[in-house]
Amino acid sequence: MTDLSAFIRGLPKAELHLHIEGSLEPELMFELSRRNKVAIPFGSVEEVRAAYAFSNLQDFLDIYYQGAAVLLTERDFHDMAMDYFRRVAADGTRHVELFFDPQTHTDRGVPFAVVADGLLAGMAEAGREFGITSSLILCFLRHLDEDAAFATLKAAEPWLDRIAGVGLDSSEVGHPPSKFARVFAAAGERGLKRVAHAGEEGPPEYVWEALDLLKVDRIDHGNRALEDPALVQRLAAEGMTLTVCPLSNLKLCGVSDLRLHPLKKMLDLGLRPTVNSDDPAYFGGYVGENYTRIADALALTKSDLVTLARNSFTGSFLPPAEVAKHLAAIDAYASAS
Ligand code: ADE
Ligand code: ZN
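Residue numbers here run from 1 along each chain, matching the order of that chain's written sequence. Numbering of ligands from 1 and lettering of chains from A proceed in the order in which they are written. Local features are withheld for residues below a pLDDT of 70 in this predicted model, meaning they are given only at 70 or higher, and side-chain atom pairs are given and counted only at 80 or more; totals for whole chains, interfaces and linings count all residues. The basis for the side-chain values is all heavy atoms of the structure; hydrogens and waters are excluded.

(A) Broad picture of the coordination of the zinc ion (ligand 2). With water omitted from the atoms examined, metal sites may look incomplete; donors here are N, O and S atoms no farther than 2.8 Å from the metal, or 3.2 Å in the case of Na, K and Ca. Listed as protein donors to the zinc ion (ligand 2) are H17 (NE2), H19 (NE2), H197 (NE2) and D278 (OD); their distances from the metal cover 2.0 to 2.2 Å. Of note is the zinc ion (ligand 2), whose 4 donor atoms meet at the metal with angles of 84 to 175° in an arrangement that counts as irregular. Of note, the donors binding the zinc ion (ligand 2) are all from one chain and are spaced H-x1-H-x177-H-x80-D. Separated by 180 residues along the polypeptide, H17 in strand β1 (residues 13-19) and H197 in strand β5 (residues 193-198) bring together distant segments of the chain. Square planar and octahedral sites, with four and six donors, are those where opposite donors lie more than 155 degrees apart and all other angles lie between 65 and 115, tetrahedral sites have four donors with every angle between 85 and 135 degrees, and the rest are irregular. Numbering of helices and strands starts at the N terminus; helices are DSSP runs of H or I of at least 4 residues and strands are runs of E of at least 2.

(B) Region of the structure containing empty space enclosed by the protein. In the cavity and pocket records, a cavity denotes points on a 1 Å grid over the protein atoms alone where a 1.4 Å probe fits but cannot get out, a pocket denotes an open set with protein on both sides within 12 Å along at least 5 of 7 lines, and lining residues are residues with an atom within 4 Å of a point. Grid points are joined across faces, edges and corners, and a volume is the space filled by probe spheres set on the points. Under the counting rule described, the total for this entry stands at 1 cavity of 30 Å³ or more. Put simply, the largest cavity is a space of about 100 Å³. Along its surface, the largest cavity is lined by 15 residues, and H19, L57, F60, L61 and H197 are the ones closest to its centre. Ranked by residue count, the leading element in the lining of the largest cavity is helix α4 (residues 57-67), at 5 residues.

(C) Quick peek at the pairing of β5. In terms of burial, β5 is largely enclosed, as 5 of its 6 residues are buried. The pairing criterion is simple: DSSP has to find at least two bridges between the two strands. With 2 bridges connecting them, strand β4 (residues 165-169) and β5 associate as parallel partners. In the sheet register, G165 faces β5, and the bridge partner there is K193. Pairing of β5 with strand β6 (residues 218-221), which is carried by 4 bridges, proceeds in the parallel orientation. Residue pairing for β6: H197 is matched across the bridge by D220. The β-α-β motif built from β5, the intervening helix α10 (residues 204-212) and the parallel element β6 has right-handed crossover chirality. In this scheme, a residue with accessible area under 20% of its type's maximum is buried, one over 50% is exposed, and one in between is partly exposed, where area comes from a 1.4 Å probe on protein chains only. With strands facing away from the observer, any crossover in which the path from the first strand over the helix to the second runs clockwise is taken as right-handed.

Below, the structure is given as structure tokens:
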């Protein structure tokens, strides 16, 4: 454990890359399995954790979609969200833009309303109880087709005033951003922000497509962009935020050792990375732990950590006055530490 961990805990942070279904801890999975009488193929919490050994993204996704099957009611989605917020409140997290995957639930017969209203109830309670602000990003599953994405956008219509943006997740390779250019354009016409996973396992071309065809406001992951110098130049020139997830990259074998993680290189290249947890229940750490572990592995300085925390607010979808308030709090904290 680094001696920077206390500094990191007190540092005001936003999390911009968090799949709420990926915060479902095995304990809650078992509780919901009992509560909803949905069988899961595990005998104990320890057995679940032992199954979390992945060699790539698809390995993880198979088990992640299986775990989500215990979520049936508004109360379940509320409880999962509150579990997450309780943990990150203790980490010094002030704001979260959380991904949810409606198709994972609607395809099992759980109505969109149950998912959205349950999450929104948890988010409102976290605001009251912990003072954490949050917004929702609706992700389309890229292994499904364009029609299914359009149907999801249509189902979301009554909630669009409470949804900040759309995203693109699930199996990346073989499902390029171009597949979703039209539904992202439709989302943009409705005033929604746009983000997409790109360059997690997929090639730099997918990052170009996310910029040029999906017109994204942020790139989720973006690690493989570093293979293309012209792309690095473009991302730097546009001040594009990258939502980087160190422990996820380690667990899914994008890097073999955190000491080889590209985060420091991204900073040195003038990019705008942020630190996030992705699916903390599966990858061994919430956002604070991601900061602590990567700071340790890459010998990050307090100044690097302040830059990363500042990037998390400048890259957020908060109104400018809110961003300014958080940046002032970071600066006050850094000069007092
Ligand atoms: N869904 C949940 N976590 C994901 C990740 N890391 N990449 C793509 N899709 C995801
Ligand atoms: Zn992700």
